[in-house]
Amino acid sequence: MSLLKHTTEFCASYGLDVPIIMAPMAGACPVGLASAVSNAGGMGACGALLMDDGQIHDWASQFRDMSNGAFMLNNWIEEPAPARNKRQEEQMRAFLSGFGPDVARDAGDAPLLSFDAQCQAMLAARPTVISSIMGLYDEDMVQQMKQNDIRWFATVTSVTEAVAAEEAGADALIVQGHEAGGHRGNFLTPAGESVGLMSLIPAVADAVSIPLIATGGIADKRSIAAAIMLGASAVQIGTGLLRAPEADIAPAWADAIATALPEDTVTTRAYSGKLGRAIKNKYLAEIQKPDAPDPAPYPIQRALTAGMRSKASAENNIDMMQAWAGQSARLARDDEASDIISSLWSEVVAQFD
Ligand SMILES: Cc1cc2nc3c(=O)[nH]c(=O)nc-3n(C[C@H](O)[C@H](O)[C@H](O)COP(=O)(O)O)c2cc1C
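Quick notes on the rules
- Residues numbered from 1 in each chain as written.
- Predicted model: local features only at pLDDT ≥ 70, side-chain atom pairs only at ≥ 80, totals over all residues.
- Heavy atoms only, no water.
- Axes fitted to C-alpha atoms, helices over the stretch in contact; angles between N-to-C directions.
- Helix = DSSP H or I, 4+ residues; strand = E, 2+ residues; numbered from the N terminus.
- Parallel < 35°, antiparallel > 145°, perpendicular 65-115°, else oblique.
- Left-handed = near helix turned anticlockwise from the far one by under 90°.
- Contact = heavy atoms within 4.5 Å.
- Nonpolar A, V, L, I, M, F, W, Y, C, P; charged D, E, K, R; others polar.
- Pairing = 2+ DSSP bridges.
- Phe/Tyr/Trp six-rings, centres within 6.5 Å; stacked < 30°, edge-to-face > 60°.
- Buried < 20%, exposed > 50% of the residue type's maximum accessible area, 1.4 Å probe, protein only.
- Right-handed = clockwise from strand over helix to strand, strands pointing away.
- Salt bridge = Lys/Arg side-chain N within 4 Å of Asp/Glu carboxyl O.
- 1 Å grid on protein atoms, 1.4 Å probe; cavity = no way out; pocket = protein on both sides within 12 Å on 5 of 7 lines; lining within 4 Å.
- Points joined across faces, edges and corners; volume = space filled by probe spheres on them.

Participant: I keep staring at the packing of helix H5 (residues 115–124) against helix H6 (residues 139–147) and nothing clicks. Help me out?
Facilitator: Angle between the axes and distance between the axes: these two values describe a pair of packed helices. Contact geometry of H5 with H6 gives a least axis separation of 10 Å together with a crossing angle of 15°. Accordingly, the angle class assigned to the pair H5 and H6 is roughly parallel. When you trace H5 past H6, the crossing you get is right-handed. Here Cys119, Gln120, Met122 and Leu123 of H5 lie close against H6, whose contacting residues are Met141, Gln144 and Met145. Of the residues that constitute the contact of H5 with H6, the class distribution is 5 nonpolar, 2 polar and no charged.

And the structure:
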């Protein structure tokens, strides 16, 4: 039972009954899913990347109508706009028209939401935690979080990033392994050099003194227990919650998650321009062929693929759907989120007894 000491301390300091955090999944984090996780004693979450300040405010107030529990708001750290390559974009537009609707000539010019306004809205919502991915918040934001008694969880993918995040004032680290579904959080270490959790958690635990939250391929009692044995105080689950009815994702995506073997997922820049792990499909097979154009950088590629992605969701067509999933996808249960959270943790505790 002593192995669970650090999970007990973590739960006490965040008001949780179970050390399980919902992954903040931009585009796949309805309030109903987050509140169910919190009401089961875990921490609900919202990936705010695609939400403006009003939507962030509304999400938080709807959450509070449904739960008194802890919740996390998350955003990607802003980066400088990439250099444009019009020829590459032309080739990609032509390629994509074979999968979805024609892509407008100016599609790549779509502006991003204001990062500063999103940060102010997250602070104003007073969540338990604000988390970061793809970089670190600047000193001013870190200070504002501390003044408002909001804890900062920084997503890291390497020891180098972990040390930098601790020095910048993070209260805990979300340690993302190679197994993870969705985008890779790398910011100092090249995305192609990602490390599996088996090596990463102990190495980060030896290098920093703040609590670690393991994420990537965690979806059952074995993987949760392993993460704790390796040095994590809590786990963050993404794909493992996507088959819950509250997640409300396209049925074809949920079905693909149910059967995907670890080797059925791949990391790709084909949807957004940034590397992320998704289930292999027809679109990914075609774009990996040698004569296919290279994806444009983020956020251009994301804008260019928007039409194809929404058509795939509307038609429930897995062939060109952005079906993000981690390597343990097939372990995801199709139970209600509250049952997943509470049964997972009681199964873990029974293993340690
Ligand atoms: C659909 C989806 C969307 C995601 N969006 C975000 C995001 O907006 N911000 C973030 O920090 N992580 C995001 N992630 C990554 C998760 O936080 C986490 O690292 C990952 O889900 C862990 O791996 P698992 O899916 O195998 O549990 C996303 C993951 C998925 C599956």
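Now that the structure is up, let's keep going.
Participant: What's the story with the sheet that holds strand S10 (residues 265–268) in this structure? I'm lost.
Facilitator: Spatial ordering of the open sheet is given by S7-S11-S10, a layout of 3 strands whose pairing is antiparallel. Lying at the two open borders of the sheet, with one neighbouring strand each, are strand S7 (182–183) and S10. Taken together, the 4 bridges between S10 and strand S11 (residues 276–279) define a ladder with antiparallel strand orientation. Bridging across to S11, Thr268 finds its partner in Gly276.

Participant: Would you mind going over the packing of aromatic side chains with me for this structure?
Facilitator: Any pair of aromatic rings gets described here by the distance separating the centres and the angle formed by the planes. Here the structure, examined in full by the defined rule, presents 14 aromatic pairs. A centroid spacing of 5.1 Å and a plane angle of 35° characterise the contact between Trp76 and Tyr298, whose relative ring orientation is tilted. With a gap of 222 residues between them, Trp76 in strand S3 (residues 71–76) and Tyr298 in the loop between helix H11 (282–287) and helix H12 (300–304) connect regions that are remote in the sequence. Assigned by exposure class, Trp76 and Tyr298 land together as buried. Summarising the aromatic geometry, the rings of Phe95 and Phe99 are spaced 5.2 Å apart at their centres and angled 50° between planes, so their arrangement reads as tilted. Residue classification places Phe99 among the buried positions, given a relative accessible area of 12%. By way of ring pairs, the aromatic residues Phe95, Phe99, Tyr271, Tyr283 and Trp324 are connected into one cluster.

Participant: Looking at this structure, how should I read the pairing of strand S4 (residues 129–133)?
Facilitator: Across a regular strand the side chains alternate sides, sitting on one face of the sheet and then on the other. Counting buried positions over the 5 residues of S4 gives 5, a clear majority of the element. What you see with S4 is no split at all: Val129, Ser131 and Ile133 on one side and Ile130 and Ser132 on the other are buried throughout. Pairing of S4 with strand S5 (residues 151–156), which is carried by 4 bridges, proceeds in the parallel orientation. When the sheet's bridge partners are listed, Ser132 is paired in S5 with Ala154. Taking the sense of rotation as the criterion, the β-α-β connection linking S4, H6 and S5 turns out right-handed.

Participant: Any chance you could explain the pattern of salt bridges here in plain terms?
Facilitator: Here the structure, examined in full by the defined rule, presents 12 salt bridges. Lys146 is the partner of Asp171 in a salt bridge, and the nearest nitrogen-oxygen pair spans 3.6 Å. One end of the pair, Asp171, is in the loop between helix H7 (159–167) and strand S6 (172–176); the other, Lys146, is in helix H6, with 25 residues separating them in the sequence. Note on Asp171: relative accessible area 24%, which makes it partly exposed. Take Lys146: its relative accessible area is 44%, and that puts it in the partly exposed class. One salt bridge connects Lys311 with Glu315, and the closest N-O pair in it is separated by 3.5 Å. In this structure Lys311 comes out as partly exposed when scored by relative accessible area, which is 34%. Several salt bridges converge on common partners, so that one network encompasses Arg84, Glu89 and Asp109.

Participant: Before we go on, may I ask you to explain the layout of surface pockets in this structure?
Facilitator: In this approach a probe as big as a water molecule rolls over the atoms, and the regions it shows empty are the leftover space. Here the second largest pocket defines a volume of roughly 210 Å³. Within the residue set of the lining of the second largest pocket, elements represented by two or more residues are helix H8 (197–207) and helix H9 (221–230).

Participant: I keep staring at the sheet that holds S5 and nothing clicks. Help me out?
Facilitator: Strand pairing in a sheet relies on backbone hydrogen bonds, with the paired strands running either antiparallel or parallel. Across the sheet, which stays open at both edges, the 8 strands sit in the order S1-S9-S8-S6-S5-S4-S3-S2 with parallel pairing between neighbours. Across the chains shown, the open sheet's two edge strands, defined by having one partner strand only, are strand S1 (20–22) and strand S2 (44–47). If you compare each strand with its neighbour and ignore which way they point, the axes differ by 25° on average.

Participant: I tried to follow unusual backbone geometry on my own but got confused; where do I start?
Facilitator: Trans is the prevailing form of peptide bonds, just as negative phi is the prevailing case for residues other than glycine. Here Tyr298 and Pro299 are connected by a cis peptide whose omega angle stands at 0°. With respect to the helices and strands, Pro299 occurs in the loop between H11 and H12. Despite not being glycine, Asp248 has its phi angle at roughly 55°, a positive value. Note that Asp248 resides in the loop between strand S9 (234–237) and helix H10 (251–259). Here the phi dihedral of Asn316 falls at roughly 55°; this positive angle occurs in a residue that is not glycine. By secondary structure assignment, the location of Asn316 is in the loop between helix H13 (306–314) and helix H14 (337–352).

Function cannot be inferred from these measures alone, as they are strictly geometric.
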